[in-house]
Amino acid sequence: MTRIAIFASGNGSNAENLIRNLTHGRVVLLLCNNPQAYVLQRAKRLHIPTVLFSKEELEDPSHEYSVLKLLKTHKIDFIILAGFLWKIPEDMIRAWPKKIVNIHPALLPKYGGPGMYGDHVHKAVMENGEKETGITIHIVDPQYDHGHIIYQESFQIYSSDTPKTIALRIHFLEQLRFPKVVDDYLKQLFKDPAV
Ligand code: GAR
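Please read these numbers as outputs of a predicted model, since none were measured by experiment.

Asker: In this structure, what is going on with the nonpolar core? I would like to understand it.
Answerer: Within soluble globular proteins, side chains that are nonpolar tend to cluster in buried spots. Core analysis: the largest hydrophobic core is formed by 28 residues, its most contacted members being I6, L30, I80 and V182. Elements with a minimum of two residues in this core: β1 (3-8), α1 (13-21), β2 (26-32), α2 (38-45), β4 (78-81), β5 (100-104), β6 (132-139) and α7 (163-190). Excluding its chain neighbours within four sequence positions, the residues that come into contact with V182 are L18, L22, F78, I80 and V101. One finds I76, I79, I88 and M92 within the second-largest nonpolar core, a separate group that totals 20 residues.

Asker: For this particular structure, what's the right way to read the sheet that holds strand β3 (residues 50-52)?
Answerer: Each strand in a sheet pairs with another by means of backbone hydrogen bonds, the pair being arranged parallel or else antiparallel. Taken in spatial order, the seven strands line up as β3-β2-β1-β4-β5-β6-β7 in an open sheet, and their pairing is mixed. Only two strands of the sheet have a single partner each, and these edge strands are β3 and β7 (149-156). Neighbour to neighbour, the strand axes of the sheet diverge by 20° on average, direction disregarded. Pairing analysis gives three bridges linking β4 to β5, with the strands arranged parallel.

Asker: Please explain the site of the ligand as it appears in this structure.
Answerer: Taken together, 14 residues form the shell around the ligand, and within it G12, S13, N14, H104 and E174 come nearest. The side chain of H104 places a nitrogen or oxygen atom 3.2 Å from a nitrogen atom of the ligand. Between the ligand and the protein, one listed contact pairs an oxygen atom with a side-chain N or O atom of E174 at 2.4 Å. Isolated, the ligand exposes 450 Å² of accessible area, and the fraction of that covered by the protein chains is 93%. Residue assignment for the shell around the ligand shows that the elements contributing at least two residues are α1, β5 and α7. Across the shell around the ligand, the residue classes tally to four nonpolar, eight polar and two charged.

Asker: Can you walk me through the pairing of β5 in this structure?
Answerer: Moving residue by residue along a regular strand, the side chains alternate between the two faces of the sheet. Within β5, five of the five residues are buried, leaving the element largely enclosed by the surrounding structure. Covered by surrounding structure in β5 are I100, N102 and H104 together with V101 and I103, the residues of both alternating faces. Of the crossover connections in this fold, the one passing from β4 over helix α5 (residues 90-95) to the parallel β5 is right-handed. Examined bridge by bridge, β5 and β6 share four bridges and lie antiparallel to one another. Residue pairing in the sheet places I103 in a bridge with I137 of β6.

Asker: Any chance you could explain the packing of α1 against α7 here in plain terms?
Answerer: Interhelical geometry of α1 versus α7 gives an angle of 40° and a closest axis separation of 9 Å. Judged on the interaxial angle alone, α7 and α1 are oblique. Read as a crossing pair, α1 and α7 show a hand that is right-handed. Contacts from S13, N14, N17, L18 and N21 in α1 reach H171, E174, Q175, F178, P179, V182 and D183 in α7. Counted by class, the contact of α1 with α7 contains four nonpolar, six polar and two charged residues.

Thresholds, definitions, all that
- Residues numbered from 1 in each chain as written.
- Predicted model: local features only at pLDDT ≥ 70, side-chain atom pairs only at ≥ 80, totals over all residues.
- Heavy atoms only, no water.
- Core = buried A, V, L, I, M, F, W, Y, C linked by side-chain atoms within 4.5 Å.
- Buried < 20%, exposed > 50% of the residue type's maximum accessible area, 1.4 Å probe, protein only.
- Helix = DSSP H or I, 4+ residues; strand = E, 2+ residues; numbered from the N terminus.
- Contact = heavy atoms within 4.5 Å.
- Pairing = 2+ DSSP bridges.
- Axes fitted to C-alpha atoms, helices over the stretch in contact; angles between N-to-C directions.
- Near = heavy atom within 4 Å.
- Polar contact = N/O pair within 3.5 Å; in protein donor to acceptor, adjacent residues only side chain to side chain.
- Areas by Shrake-Rupley, 256 points an atom, 1.4 Å probe, with all protein chains shown as cover.
- Nonpolar A, V, L, I, M, F, W, Y, C, P; charged D, E, K, R; others polar.
- Right-handed = clockwise from strand over helix to strand, strands pointing away.
- Parallel < 35°, antiparallel > 145°, perpendicular 65-115°, else oblique.
- Left-handed = near helix turned anticlockwise from the far one by under 90°.

Here it is, written out as structure tokens:
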């Protein structure tokens, strides 16, 4: 069985959806950098062990409590970034090649990079008068919000849309697609049967 760790920083609607609905792997750990994040409560409710970590623990593999060591101890096969806002260090990308995926609330390569998360993305999209936006699911490489795209879906922006309605429409699409896209990718990567 493919053992999955989810990284999340905030609300955690995607993390919860993945925990509930993935069939080609089991989420065994949720890692979070923000002690106030609601995702911690969601994970506890779903009986998924949670770990809070600092930037040093993420970035320094020789740290006593390094995230890299923790993932290895838990024999993690695959990592999902579900609303995680820090950059993943290169040693982790080397340790899990093509095995870290991220979801981004825009049509990458546009509207990605540092500072481009959540409502900041939707405001920028609207300010630039874009006609469409959408979601991107991609493999994580050393560049922020960059890497091979495994799924992208767009929708039209209406004149009545605001950053708030865009955010709702993005979340709806993410809820609909993320588990299935990850399941299809896991199936092809590990050839595990469904649980
Ligand atoms: C999601 O919309 C995700 O695409 C976005 O954060 C939100 C998290 O929502 N990710 C990024 O902006 C990454 N750059 P959630 O905590 O409810 O899953």
